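Coordinate analysis (summary)
If you want the building blocks of each chain, they are given just below.
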Amino acid sequence: MTAPRQLAEPSDPLQGFGIDHLPYGIFADSGPGSADGADVPRVGVRYGDRVLDTPAALPRWRELLLQPTLNALLAAGPDTWAAVRADVTEVLASTARTEPAGAQPDSPLLLPLSQVTLRMPFEVADYVDFYASEHHATNLGRLFRPDSAPLLPNWKHLPIGYHGRAGTVVPSGTPIRRPRGQSKAPDADAPSFGPSRRLDIEAEIGFVVGVGSEQGTSVPATDLAEHVFGVCLVNDWSARDLQPWEQPPLGPFLAKSFATSISAWITPLAALAAARVPAPARTVPVLEYLADGGDWGLDIAIEVDLNGTVVSRPPFAGMYWTAAQMMAHLTINGASLRTGDLFASGTVSGPTPDTVGSFIELSQGGRHPITLADGATRTFLQDGDTVTLTATAPSTGGGTLRLGEVTGTVLPSASR
Ligand code: CA
């Protein structure tokens, strides 16, 4: 099950961040030679191991890009997204033309990644988390409800979801404080209180809404690209001992709301055009509003790394519900979309034990520890553990792009 970290395309000098990717983030220049005002947060585009200083490189778009979050760009809509992307592509292509083949272009507009500080990429408006993997829902159903059918009767008729906590979504690299709370073992007489002893992750893909919608109307599933700007990696940290005690009958609450990590880079939907694949065949017909026109599955291959050992490779292509169906369901009652909304897929789990996206699945409910490269074993996370999610997908240029990673290290529980 364990394997060393591998780059998808070792021959790619840009490491999956080439001209056909161009993800957006927010950075401030933190290098020793930084000019006055360089610490002003602004929009950057990642190119190899550099960051394009977009307000400086694209004067035409300066007002939209000299911003502390991506929200202004998100709100601008698909025509502007395409125009800005075309201009970024032109700037980088012309810079690259002056360099030897394969070399990283050298330009004052391209700052070394090591010289910048990455910030939260966008201000999260509302955060919704779905539960779109049939394998994950089946695995958790077996663990949490061993005496009944693993999938509840509604699961194949609608994408199950819940509203999460937008204010505790944090960018990659933010340390995660172990949560505390109530739990109750099945054989205990009463609940007890303390630090979670079953801290877990959930490897997910997040969808970032750019263009909102009017309250009282619904957004068709076929309009995904009119509203969703791009995707990020998401780690939905989860306390598995708090969760079963608090979850019935209204759903996840404090077991999830303490922290959710997202990657610092948002990959535009346009960069994933070559990753679109048909979703798995429906085994139950869905209502008409959930028809997404097909091919809104995404062939994104995730890797889960714990302390330097890859412990799982969840395949997003096998997700039962697509992002287009999630968006349609989210708004079918008239709820509006807002710029900065984040909706996540739910844990990405494949059909085999080495493709599941959480430790509760990897360890089969904590009964079977996994072994890391250094010989250490884990069921759930210990203080000091670092979890890093990475992902690759086919790029429009025929190669492979890499989503920005999402990483976090577990800190001991607070004393109060
Ligand atoms: Ca989740």
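Rules and cut-offs
- Residues numbered from 1 in each chain as written.
- Predicted model: local features only at pLDDT ≥ 70, side-chain atom pairs only at ≥ 80, totals over all residues.
- Heavy atoms only, no water.
- Helix = DSSP H or I, 4+ residues; strand = E, 2+ residues; numbered from the N terminus.
- Contact = heavy atoms within 4.5 Å.
- Donors = N, O, S within 2.8 Å, 3.2 Å for Na, K, Ca; no water.
- Buried < 20%, exposed > 50% of the residue type's maximum accessible area, 1.4 Å probe, protein only.
- Domains from an automatic or database assignment.
- Buried area = accessible area lost by both parts, 1.4 Å probe.
- Salt bridge = Lys/Arg side-chain N within 4 Å of Asp/Glu carboxyl O.
- Nonpolar A, V, L, I, M, F, W, Y, C, P; charged D, E, K, R; others polar.
- Pairing = 2+ DSSP bridges.
- Phe/Tyr/Trp six-rings, centres within 6.5 Å; stacked < 30°, edge-to-face > 60°.
- Lys NZ or Arg CZ within 6 Å of the ring centre and 35° of its normal.

A few points about the environment of A323
Tracing the sequence through the fold places A323 in helix α9 (residues 323-331). Separated by 210 residues in the primary sequence, A323 and L113 have C-alpha atoms spaced 31 Å apart. Setting aside residues no more than four positions away along its own chain, A323 makes contact with F207, L224 and F343.

A few points about the coordination of the calcium ion
Taken together, D129 (OD), E202 (OE), E204 (OE) and D236 (OD) make up the full set of protein donors to the calcium ion, lying 2.2 to 2.3 Å away. Site description for the calcium ion: donor spacing in sequence, D-x72-E-x1-E-x31-D. Of this pair, D129 sits in strand β6 (residues 127-130) while E202 sits in the loop between β12 (199-200) and β13 (203-209); the two residues are 73 residues apart in sequence, bridging distant segments of the chain. E202 matches D129 in its accessibility class, with the two residues each being buried.

Considering α9
Along an α-helix, residues three or four apart share an orientation, since each turn contains 3.6 residues. Burial analysis of α9 places nine of its nine residues in the buried class, which makes it a mostly covered element. Of the positions making up α9, those classed as buried are A323, A324, Q325, M326, M327, A328, H329, L330 and T331. Among the structural elements, β6, β13, α6 (224-227) and β22 (342-344) are those in contact with the buried residues of α9.

Observations regarding the domain arrangement of the protein
The figure often quoted for interface size is the accessible area lost as the parts come together. According to the domain assignment, the protein contains domain 1 (24-118) and domain 2 (127-411). For domain 1 and domain 2, the distance between their C-alpha centroids amounts to 29 Å. Carbon and sulfur atoms make up 74% of the surface buried where domain 1 meets domain 2, a total of about 1,300 Å² over both sides. Looking at the side of domain 1 facing domain 2, the largest losses of area belong to Y24, L74 and W81, adding up to 43% of the total buried there. Connecting domain 1 to domain 2 are zero salt bridges. Put simply, the parts of the chain that give the side of domain 1 that touches domain 2 at least two residues each are β1 (24-29), β2 (42-47), α3 (71-76) and α4 (78-97). It is α3 that contributes the most residues to the side of domain 1 that touches domain 2, four residues altogether. Among the residues forming the side of domain 1 that touches domain 2, the class breakdown is 11 nonpolar, four polar and two charged.

Considerations on the side chain of S257
Looking at where S257 falls in the secondary structure, it is placed in helix α8 (residues 254-257). For S257, a relative accessible area of 17% translates into the label buried. The residues touching S257, leaving out its near neighbours within four places in the chain, are R165 and T168.

Observations concerning the sheet that holds strand β26 (residues 400-411)
If you trace the five strands from one edge of the open sheet to the other, you get β9-β26-β25-β20-β21, paired in mixed fashion. Only two strands of the sheet have a single partner each, and these edge strands are β9 (176-177) and β21 (309-312). Relative to β21, strand β20 (residues 301-306) runs antiparallel, the two sharing three bridges. Within β21, the position partnered with V304 by the bridge is S312.

Thoughts on unusual backbone geometry
Of all residues except glycine, most have a negative phi; of all peptide bonds, most are trans. The amide bond that connects P248 to the next residue, P249, takes the cis arrangement and shows omega of -5°. Within the secondary structure layout, P249 lies in the loop between α7 (243-246) and α8. For L22, which is not glycine, the phi dihedral falls at a positive 60°. The residue L22 is located in the segment before β1 in this model.

Description of helix α5 (residues 134-144)
Considered for burial, the residues of α5 that qualify are H136, A137, T138, L140 and G141. For α5, the secondary structure elements touched by its buried residues are α10 (359-362).

Things to note about the packing of aromatic side chains
Tallied over the full model, the rule gives seven aromatic pairs. A ring pair is formed by W81 and F229, whose centres lie 5.1 Å apart and whose planes are at 85°; its orientation type is edge-to-face. With W81 in helix α4 and F229 in strand β14 (residues 228-235), the pair connects residues that are 148 residues apart, well separated along the chain. Just as W81 is buried, F229 falls in that class too. A ring pair is formed by F207 and F316, whose centres lie 6.3 Å apart and whose planes are at 45°; its orientation type is tilted. Here F316 lies in the loop between β21 and α9 and F207 lies in strand β13, a separation of 109 residues in the sequence. Of the two residues, F207 and F316, neither departs from the other in class, the shared state being buried. The positively charged end of R276 is found above the aromatic ring belonging to W296, 3.5 Å away from the centroid. The side chain of R282 reaches across the aromatic face of W321, ending 5.4 Å from its centre.

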